[in-house]
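Descriptive structure summary
The primary structure of each chain is shown beneath.
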Amino acid sequence: MITLYDCATAPSPRRARILLAEKGVAHETVQVDLRSGEQLGEAFRKLNPQCTVPVLQTDDGLLLTDNASITAWLEARFPEPPLLGSTPAEKAEIASWNWRVEFEGLVAIAEALRNSVPAMANRALPGPVDYGQIPELAQRGLARVQQFFVTLNERLAGRDFIAADRFSIADITAVVAVDFARIVKVKPGEGHPHLQRWRTAMAQRPSTAL
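Read on for an overview of the structure. (Residues numbered from 1 in each chain as written. Predicted model: local features only at pLDDT ≥ 70, side-chain atom pairs only at ≥ 80, totals over all residues. Heavy atoms only, no water.)

Things to note about the overall build of the chain
Defined as follows: Going along the chain from the N terminus, every DSSP run of H or I of four or more residues is numbered as a helix, and every run of E of two or more is numbered as a strand. Only C-alpha atoms enter the radius of gyration, while the globule expectation follows 2.2 Å times N to the 0.38, with N the number of residues. For each residue, the accessible area found with a 1.4 Å probe, counting protein chains only, is set against the maximum for its type, and the residue is called buried under 20%, exposed over 50%, and partly exposed in between. In what follows, a contact means two residues having at least one pair of non-hydrogen atoms within 4.5 Å. None of His or the chain ends enter the tally, which takes Lys and Arg as positive and Asp and Glu as negative. Where a charge sits is defined by one atom per residue type, namely NZ (Lys), CZ (Arg), CG (Asp) or CD (Glu).
Summing up its helical and strand segments, the chain has seven helices and four strands in all. The order of α-helices and β-strands along the chain, N terminus first, is β-α-β-α-β-β-α-α-α-α-α. A compact globule built from 210 residues would reach a C-alpha radius of gyration of about 17 Å, and the chain, at 17 Å, matches this within 12%. Expressed along its principal axes, the backbone C-alpha trace of the chain runs to roughly 50 × 45 × 30 Å. Here the chain, with 210 residues, has 47% of them falling under the buried criterion. Sequence separation of at least 24 residues holds for 64% of the intrachain contacts in the chain that already meet a minimum separation of 6. Where the 23 positive side-chain charges of the chain centre and where its 24 negative ones centre are 3 Å apart.

Encoded structure:
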């Protein structure tokens, strides 16, 4: 059986949950308590020395320890529906926008959060090594998140999806990023009508409720 090591409150494993649901892949779920630091314990380090979730254990025992490898494996193993694109042009466009959403959105949100929350004073970056906070990065991250919303709103003018003409991994990543931005008190407003329309449409997909 395929097993997803998950954390219900974290954005990164949510991407994997939505992807698995869209692919219709049956799997078991093991919750990892990030709040208590379970990911830093010896047992979890044996699964993933990087001490992060998600981790996907395939039915043949392969351990995939990041969203990039999980997405690549699931698309190859379960090609329908094609969430990375079908044609060379689609694949390129979807890959480009997925990377932009990760870098301009998710990374910026994490930058704003991890460099400002007292509970993360020595956990400014995920992983096995402790890093101190840099308050200026929190300010920059917040500005980047606000610009990210402007970028998505402009991109979605006259479009139903982030990339290509179909639902893709770029939409999954963007849904997670837009929702996660609330943790730094940024959400789509009156100045983002296209982004609001798109998010409302995405809510019709059962997978996005996961």
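Concerning helix α1 (residues 11-23)
To keep it simple, the criterion reads: By this rule, a helix spans an expected 1.5 Å times one less than how many residues it contains.
Here α1 spans 19 Å end to end across 13 residues, near enough to the 18 Å set by a 1.5 Å rise per residue. Judged by how many residues are buried, α1 sits mostly within the fold: eleven of 13 residues are covered. When α1 is considered as a whole, its buried residues turn out to be Pro 11, Pro 13, Arg 14, Arg 15, Ala 16, Arg 17, Ile 18, Leu 19, Leu 20, Glu 22 and Lys 23. Considering only its buried residues, α1 is in contact with β1 (3-6), β3 (55-57), α3 (67-77), α4 (88-114), α6 (169-180) and α7 (193-202). Looking one or two residues past α1, Gly 24 carries a phi angle of roughly 70°, positive in sign.

Things to note about the packing of aromatic side chains
Note the cut-off: To pair, rings of Phe, Tyr and Trp, with the six-membered ring standing in for Trp, must have centres within 6.5 Å; the planes then decide the type, stacked if under 30 degrees apart, edge-to-face if over 60, and tilted in the middle. For a Lys NZ or an Arg CZ to count as sitting over a ring, it must be within 6 Å of the ring centre and within 35 degrees of the ring normal.
This model, assessed by the stated rule, comprises four aromatic pairs. Ring geometry for Trp 73 and Phe 78: centres 6.1 Å apart, planes at 75°, overall edge-to-face. For Phe 78, a relative accessible area of 23% corresponds to the partly exposed category. A cation over a ring is seen here: Arg 100 above Trp 97, with NZ or CZ 4.6 Å from the ring centre. Cation over ring: Arg 205 sits above Phe 167, and NZ or CZ is 3.7 Å from the ring centre.

Some points on the packing of α1 against α6
The cut-off we apply is this: Under this scheme, a helix contributes an axis fitted over its contacting stretch, all axes are lines through C-alpha atoms, and angles between N-to-C directions fall in the 0 to 180 degree range. Any angle that is under 35 degrees is reported as roughly parallel, and any over 145 degrees as roughly antiparallel; angles of 65 to 115 degrees are reported as roughly perpendicular and all others as oblique. A crossing counts as left-handed when the near helix is turned anticlockwise from the far one by less than a right angle, and as right-handed when that turn is clockwise. Just so you know the grouping, Ala, Val, Leu, Ile, Met, Phe, Trp, Tyr, Cys and Pro go in nonpolar, Asp, Glu, Lys and Arg go in charged, and all remaining residues, Gly too, go in polar.
Two elements in contact, α1 and α6, have axes whose closest approach is 10 Å; the angle formed by their N-to-C orientations is 140°. Classified by the interaxial angle, the pair formed by α1 and α6 is oblique. Handedness of the crossing formed by α1 with α6: right-handed. Between α1 and α6, the residues in contact are Pro 11, Arg 14, Arg 15, Ile 18, Leu 19 and Glu 22 and Ile 169, Ile 172, Thr 173, Val 175, Val 176, Asp 179 and Phe 180, respectively. Of the residues belonging to the contact of α1 with α6, the class tally is eight nonpolar, one polar and four charged.

Details of the environment of Ala 201
Relative to the elements of secondary structure, Ala 201 occurs in helix α7. Between the C-alpha atoms of Ala 201 and Ala 72, which are 129 residues apart in sequence, the distance is 26 Å.

Some thoughts on the side chain of Thr 173
Our working definition: Counted as a polar contact is a pair of N or O atoms within 3.5 Å, where, for protein atoms, one must be capable of donating a hydrogen and the other of accepting one, and residues adjacent in sequence contribute only when both atoms are in side chains.
Its place among the elements puts Thr 173 in helix α6. Taking relative accessible area as the criterion, Thr 173 reaches 0% and is therefore assigned buried. A polar side-chain atom of Thr 173 sits 3.3 Å from a polar atom in the side chain of Arg 15. Once residues lying within four places of it in the same chain are set aside, the contact partners of Thr 173 are Arg 15, Asn 98, Val 101, Glu 102 and Leu 106.

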